[in-house]
Amino acid sequence: MTIHTDTRPTLNLIRLPHGEGLELPAYETRGAAGMDLRAAVDDGATLTILPGKRDLVPTGFIFEVPDGYEAQIRPRSGLALKHGITCLNSPGTIDSDYRGEVKVLLINLGEEPFEITRGMRIAQMVIAPSIQARIFETAEASETKRGAGGFGSTGM
Ligand SMILES: O=c1ccn([C@H]2C[C@H](O)[C@@H](COP(=O)(O)OP(=O)(O)OP(=O)(O)O)O2)c(=O)[nH]1
Ligand SMILES: [Mg+2]
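Residues numbered from 1 in each chain as written. Chains lettered and ligands numbered in written order. Predicted model: local features only at pLDDT ≥ 70, side-chain atom pairs only at ≥ 80, totals over all residues. Heavy atoms only, no water.

- Looking at an unreviewed UniProt entry, one finds the protein chain named Deoxyuridine 5'-triphosphate nucleotidohydrolase and attributed to Rhizobium miluonense.
- Its UniProt record gives the protein chain the following Function (unreviewed entry) comment, quoted word for word: "This enzyme is involved in nucleotide metabolism: it produces dUMP, the immediate precursor of thymidine nucleotides and it decreases the intracellular concentration of dUTP so that uracil cannot be incorporated into DNA."
- In the Sequence similarities (unreviewed entry) part of its UniProt record, the protein chain is described as follows: "Belongs to the dUTPase family." (UniProt positions renumbered as here; feature names shortened; annotations may be inferred.)

Rendered as structure tokens:
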């Protein structure tokens, strides 16, 4: 009898035609928080993002994020440091009921054009627990020590 001790949630991936041949998104190390996502641009083609411009990069996959979780699309620090490439809407939110292709919205904040080729690891995706709150309107907020203080009210 096999005893399954892997309690991690399952992420089903559906490969789209233009994702054919791409490596699956994967955790690069044992303790990696995010799995790297690869660009599903056409083979042999280059997607160039000019300085100050943005583009939506396909990943070639639909992700079925399990109920009770969300996926967050985050920049890769190496691309940010070396090329000024980041996710414009960081962290991008992938809802558990989304059944379209996951796409990555990149912006080039660097000074040079940035070239993306097929299979390049452009961002990372973190699976995180997510709950919905009951939304309820009340007349007054409860009292707390902080009150309405914020934005540096406790000092530097
Ligand atoms: O970086 C991202 C962000 C979002 N999405 C997809 C999955 C997500 O579930 C859906 C909607 O995202 P969001 O709620 O951030 O966008 P919106 O502008 O509020 O659009 P909508 O009205 O469709 O919710 O778009 C991506 O593929 N990549
Ligand atoms: Mg939305």
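Having seen it, we continue.
**Here we look at the site of ligand 1**
Stage number 1. Surveying the vicinity of ligand 1 reveals the residues Asn89, Gly92, Thr93, Ile94, Asp95, Tyr98, Glu101, Val102 and Lys103.
Stage number 2. Measuring from an oxygen atom of ligand 1, one finds a side-chain N or O atom of asparagine 89 at 3.0 Å.
Stage number 3. For ligand 1, the protein covers 49% of the area, taking 560 Å² as the surface of the free molecule.
Stage number 4. Within the residue set of the shell around ligand 1, elements represented by two or more residues are strand 7 (92–94) and strand 8 (101–108).
Stage number 5. When the residues that make up the shell around ligand 1 are grouped by side-chain class, the tally is 3 nonpolar, 3 polar and 3 charged. (Near = heavy atom within 4 Å. Polar contact = N/O pair within 3.5 Å; in protein donor to acceptor, adjacent residues only side chain to side chain. Areas by Shrake-Rupley, 256 points an atom, 1.4 Å probe, with all protein chains shown as cover. Helix = DSSP H or I, 4+ residues; strand = E, 2+ residues; numbered from the N terminus. Nonpolar A, V, L, I, M, F, W, Y, C, P; charged D, E, K, R; others polar.)

**Remarks on the side chain of arginine 38**
Stage number 1. Position of arginine 38 relative to the elements: it lies in strand 2 (residues 35–38).
Stage number 2. Using a relative accessible area of 16% as the deciding quantity, one classes arginine 38 as buried.
Stage number 3. Engagement of the side chain of arginine 38 in a polar contact is seen with the side chain of glutamate 23, the distance being 3.3 Å.
Stage number 4. When neighbours within four sequence positions are excluded, arginine 38 is seen to be in contact with Leu22, Glu23, Glu28, Pro58, Thr59, Gly119, Met120, Arg121 and Ile122. (Buried < 20%, exposed > 50% of the residue type's maximum accessible area, 1.4 Å probe, protein only. Contact = heavy atoms within 4.5 Å.)

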